[in-house]
Amino acid sequence: VECTLPAGKLNAVFIGNPARVVRINPGSPLEKMGIRPNMLVDSLIINRKRLGSMNTKDFTNALKNSINEENRKVRFVSIKQTTANTTTAMLPTLIEGENEGELPNELEVVLPTGKLGCVFSGNPPTVKTFRDKSPVAASFPPGMYVDRFQTRDGFRQSNMTSRELV
C-alpha cells in the first residue's frame, strides 16, 4: 500500500528493523488510509528521493526532518506467511482476526541457509532485533518467539532456550 502523507505528525508508533507499525492512534492519517498494526515500512519517498530498508530510528528521523513536506510517500507491506515446516515462531500475545496486515497466532517460516541476521534472547527464544540486510527481517517482527524448530529431515526440537536455538 503506497500512501501520500500530509504534512505534520502521523500520530502512530513504530518499532523494529525494518520499521513496523505497532499502534495507530485515533485521528491518525494512516487510519484513514487503511494502514494497520504489524504492517512493515518498505520505503519512504521525500522530494523524489526513495529511502528503503529503514529501521525505526531512521524512518522516524526522516519523517521528523520532513514534517512540513506535503508530498511524502510511504509504502507499507503486509508480512507474508509461508506453508513449509521449518521454524514456527509464535506471538507472545493473542491477536484475534485474520484481516490483511494482522499477524496470525502462529507463523511457519522457511529459514534460508547461513546467518539469519537477528538476535534472540530469553526463554523461550524471542526475536529482539534484526541486523541490516537480515534475510528474515520481513518474515516476522521483533517480539515473536520460537516455539519449535524442525529440520527438513523431520527432526523437531521445542522448549529451547536462546542458547540452545543458536
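Predicted model, so just to flag it, every value in this text is computed and none were measured.

A.B. asks: How should the overall build of the protein be read in this particular structure?
C.D. replies: Check the secondary structure of the protein and you find three helices and twelve strands. Expressed as a percentage of its 166 residues, the buried residues of the protein come to 39%. Taking the intrachain contacts of the protein between residues at least 6 apart in sequence as the baseline, contacts between residues at least 24 apart amount to 54%. Surface exposure of the protein reaches about 9900 Å², of which carbon and sulfur atoms provide 47%.

A.B. asks: What is the right way to read the environment of lysine 64 from this model?
C.D. replies: Of note, lysine 64 is situated in helix 2 (residues 56–65). Linking lysine 64 and leucine 10, residues 54 residues apart in sequence, is a C-alpha distance of 10.0 Å.

A.B. asks: Would you take a moment to explain the side chain of asparagine 38 for this structure?
C.D. replies: Tracing the backbone through its elements, the reader meets asparagine 38 in the loop between helix 1 (29–32) and strand 4 (40–46). A distance of 2.5 Å separates polar atoms of two side chains, one belonging to asparagine 38 and the other to arginine 20.

A.B. asks: When you look at the packing of aromatic side chains in this model, what are you seeing that I'm missing?
C.D. replies: All chains considered together, the criterion is met by one aromatic pair. Relative to phenylalanine 59, the ring of phenylalanine 14 lies with its centre 4.9 Å away and its plane at 70°, an arrangement referred to as edge-to-face. Placement of phenylalanine 14 in strand 2 (residues 12–15) and of phenylalanine 59 in helix 2 is noted, with a sequence separation of 45 residues between them. For the pair phenylalanine 14 and phenylalanine 59, a shared accessibility class is recorded, and that class is buried.

A.B. asks: Looking at this model, I keep getting lost on the pairing of strand 2. Mind explaining?
C.D. replies: Each regular strand carries side chains that alternate between the two faces of the sheet. Of the strand pairs in this sheet, strand 2 and strand 3 (residues 20–24) are connected by four bridges, and their pairing is antiparallel. Each residue of the ladder has a partner; that of phenylalanine 14, found in strand 3, is valine 21. Taken together, strand 2 and the strand that follows it, strand 3, pair antiparallel across an intervening segment of four residues, in which glycine 16 is found at a positive phi of about 90°.

A.B. asks: It is not clear to me how the confidence of the model for the protein should be interpreted in this structure. Could you clarify?
C.D. replies: Residues shown with low pLDDT carry predicted positions that ought not to be read at fine detail. Scored by pLDDT, the protein comes out at a mean of 77, with 82% of its residues at no less than 70. Highest mean pLDDT in the protein belongs to helix 2 (91); lowest belongs to strand 7 (residues 87–90) (36). Low pLDDT, under 50, characterises residues 80–104; the predicted model gives this stretch 70 contacts beyond four residues in sequence or across chains.

A.B. asks: Explanation requested: the pattern of salt bridges in the structure shown.
C.D. replies: When the charged atoms of two side chains with opposite charge come close together, those side chains can pair. Applying the stated rule across the entire model yields one salt bridge. Here aspartate 42 makes a salt bridge to arginine 75, at a shortest N to O gap of 2.9 Å. Highlighted residues: aspartate 42 in strand 4 and arginine 75 in strand 6 (residues 72–77), separated in sequence by 33 residues. For aspartate 42, a relative accessible area of 34% gives the class partly exposed. Taking relative accessible area as the criterion, arginine 75 reaches 34% and is therefore assigned partly exposed.

A.B. asks: What should I look at first to understand the nonpolar core in this one?
C.D. replies: The tendency in soluble globular proteins is for nonpolar side chains to be buried side by side. By size, the foremost hydrophobic cluster in this structure holds 19 residues, and its most contacted members are Leu44, Phe59 and Phe76. Those elements that place two or more of their residues in this core are strand 1 (2–5), strand 3, strand 4, helix 2 and strand 6. Those residues within four positions of phenylalanine 76 in sequence are excluded, and the remaining contacts are Val1, Cys3, Phe14, Val21, Leu30, Ile35, Met39, Leu40 and Val41. The next biggest cluster of nonpolar side chains, apart from the first, holds twelve residues, and it includes Phe120, Val136, Phe140 and Val146.

A.B. asks: For this particular structure, what's the right way to read unusual backbone geometry?
C.D. replies: With the exception of glycine, most residues fall at negative phi, and the peptide bonds are largely trans. Although it is not a glycine, arginine 48 adopts a positive phi angle of roughly 65°. A positive phi is found at lysine 133, a non-glycine position, where the angle reads about 65°. If you trace the backbone, lysine 133 turns up in the loop between strand 10 (126–130) and strand 11 (145–150).

A.B. asks: What is the right way to read the environment of serine 66 from this model?
C.D. replies: Along the chain, serine 66 falls in the loop between helix 2 and strand 6. Overall, the relative accessible area of 4% leaves serine 66 in the buried class. Counting along the chain gives 20 residues from serine 66 to isoleucine 46, while the straight-line C-alpha distance between them is 7.4 Å. Here serine 66 is in contact with Ile46 and Arg72, once residues within four sequence places are set aside.

Conventions we followed
- Residues numbered from 1 in each chain as written.
- Predicted model: local features only at pLDDT ≥ 70, side-chain atom pairs only at ≥ 80, totals over all residues.
- Heavy atoms only, no water.
- Helix = DSSP H or I, 4+ residues; strand = E, 2+ residues; numbered from the N terminus.
- Buried < 20%, exposed > 50% of the residue type's maximum accessible area, 1.4 Å probe, protein only.
- Contact = heavy atoms within 4.5 Å.
- Areas by Shrake-Rupley, 256 points an atom, 1.4 Å probe, with all protein chains shown as cover.
- Polar contact = N/O pair within 3.5 Å; in protein donor to acceptor, adjacent residues only side chain to side chain.
- Phe/Tyr/Trp six-rings, centres within 6.5 Å; stacked < 30°, edge-to-face > 60°.
- Pairing = 2+ DSSP bridges.
- pLDDT = per-residue confidence, 0-100.
- Salt bridge = Lys/Arg side-chain N within 4 Å of Asp/Glu carboxyl O.
- Core = buried A, V, L, I, M, F, W, Y, C linked by side-chain atoms within 4.5 Å.

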